[in-house]
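Remarks on the overall topology
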Amino acid sequence: MCGRYVLEDIEDISERFKVPPIIGFQRPTFNAAPTQRLPVIFSGGDGSRAVEPLRWGLTPAWRRPDGKGAPALFNARAETVAEKPTFRRLLRAHRCLVPATGFYEWATEGGRKVPHRFMLDDGDLFAFAGLYDPGKGDDADAAFTLLTTRPNDVVSPYHDRMPVILRPDLEDLWLDPDVDEPALLEACYEPYPADQMREHAASTRVNDVRNDDPALLAGDDEGGSPDGANR
DNA sequence: CCAGACGTTGTT
DNA sequence: GTCTGG
DNA sequence: CCAGACGTTGTT
DNA sequence: GTCTGG
């Protein structure tokens, strides 16, 4: 779950998350998908925060030689992330914020896969809880994954998992490099309050990752045929 | 010690 | 059916 | 997550 | 590469 998301307000990231301005490397996206490079915020070590584009989807080292043996890991279950060998080290020292303004989940309606867009009530930026692998130094191997948890009442009609969205007051904790005890992070995994989220049908053009434009956020019916009898 | 898994989601 | 690419 | 490919040789 | 299971 959570294999597609929205990040509209690139220019607000700097102020909202206290990081240097993003210049040049990133555009807003209405259809962020695994394998793409997307902005991620992490602790810079000296108390500062950095923002850089990383690849969505961890590729474990043991997969690399022939490119086989494991799919890209674009989600990690919060319930087990402290135990799984692939994630436990990253949980202790490589947590990150992944800025977004929404995410998609699909409903199958009459044989069609219809994406629904989930967002905060106010449409504001928020942070997914993520883990990142910095790769080997200056490398282009750096990648991230999104944690998932049980769904709240807005999401549960669509899926049995939802991405971990951090309450703003927990963002500092999530990024704090001095916090290396997994138990201290468990409060972060609570499903985001349903009364602060909303949802609506989006365009089926979301399904094809090559589509990336603001009109994806509107449902197919908006301004379309009156009876919804799309071909 | 060596062998084998290592991950999530959705679907059946 | 399963893998790859975005 | 979904969409789309999934293969080789020889010839242009 | 690293962890778990036998």
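For the structure, see preceding data.
Below: a short report on this structure. Only a predicted model underlies this, so the values are computations on that prediction, with no experimental measurement involved. (Residues numbered from 1 in each chain as written. Chains lettered and ligands numbered in written order. Predicted model: local features only at pLDDT ≥ 70, side-chain atom pairs only at ≥ 80, totals over all residues. Heavy atoms only, no water.)

Focus on helix H2 (residues 85–93)
Condition: The cut-offs for exposure are 20% and 50% of the maximum accessible area for each residue type, with area from a 1.4 Å probe on protein chains only; residues under the lower value are buried, those over the upper are exposed, and the others partly exposed. Helix and strand assignments follow DSSP, with helices taken as H or I runs no shorter than four residues and strands as E runs no shorter than two, numbered in order from the N terminus. Taken from the helix axis, the directions to the C-beta atoms give the arc we talk about. Two residues qualify as a contact provided that any one of their heavy atoms is within 4.5 Å of a heavy atom in the partner residue.
Among the residues of H2, Phe87, Leu90 and Leu91 are the ones counted as buried. Buried residues along H2 cover an arc of 105° about the axis, so they all sit on one side. Exposed residues pointing more than 90 degrees away from the buried face of H2 are listed as Pro85, Arg89 and Ala93. At its buried positions, H2 is contacted by strand E5 (75–77), strand E6 (95–100), strand E9 (126–133), strand E10 (143–149) and helix H3 (171–175).

Comments concerning the side chain of Arg95
We count it as follows: Think of it this way: Lys and Arg go in the positive column, Asp and Glu in the negative one, and His and the chain ends go nowhere. Think of a salt bridge as a Lys or Arg side-chain nitrogen and an Asp or Glu carboxyl oxygen that are within 4 Å of each other. Counting of polar contacts relies on pairs of N or O atoms within 3.5 Å, with two restrictions inside protein: one atom must be capable of donating a hydrogen and the other of accepting it, and residues adjacent in sequence are counted only when both atoms are side-chain atoms.
Structurally, Arg95 is set in strand E6. Buried and unpaired, Arg95 has no salt bridge, with Asp176 as the nearest side chain of opposite charge at 6.0 Å. One polar contact links the side chain of Arg95 to the main-chain carbonyl oxygen of Leu91, over a distance of 2.7 Å. Within polar-contact distance, the side chain of Arg95 engages the backbone oxygen of Val179 at 3.0 Å.

A closer look at the protein's contact with DNA strand C
We apply this condition: Throughout, the term near means that a residue has one or more heavy atoms lying within 4 Å of the molecule or strand in question. Gly falls in the polar group here, along with every residue not listed as nonpolar (Ala, Val, Leu, Ile, Met, Phe, Trp, Tyr, Cys, Pro) or charged (Asp, Glu, Lys, Arg).
In the vicinity of DNA strand C, the contacting residues are Arg4, Ala33, Pro34, Thr35 and Val209. In DNA strand C, the atoms that sit within 4 Å of the protein are 21% sugar and phosphate, with bases accounting for the remainder. In the model, a base nitrogen of DNA strand C is placed 3.4 Å from a nitrogen or oxygen of the Arg4 side chain. Taking Pro34, its main chain carries an N or O atom lying 3.2 Å from a base nitrogen of DNA strand C. Tallied by class, residues from the surface near DNA strand C come to three nonpolar, one polar and one charged.

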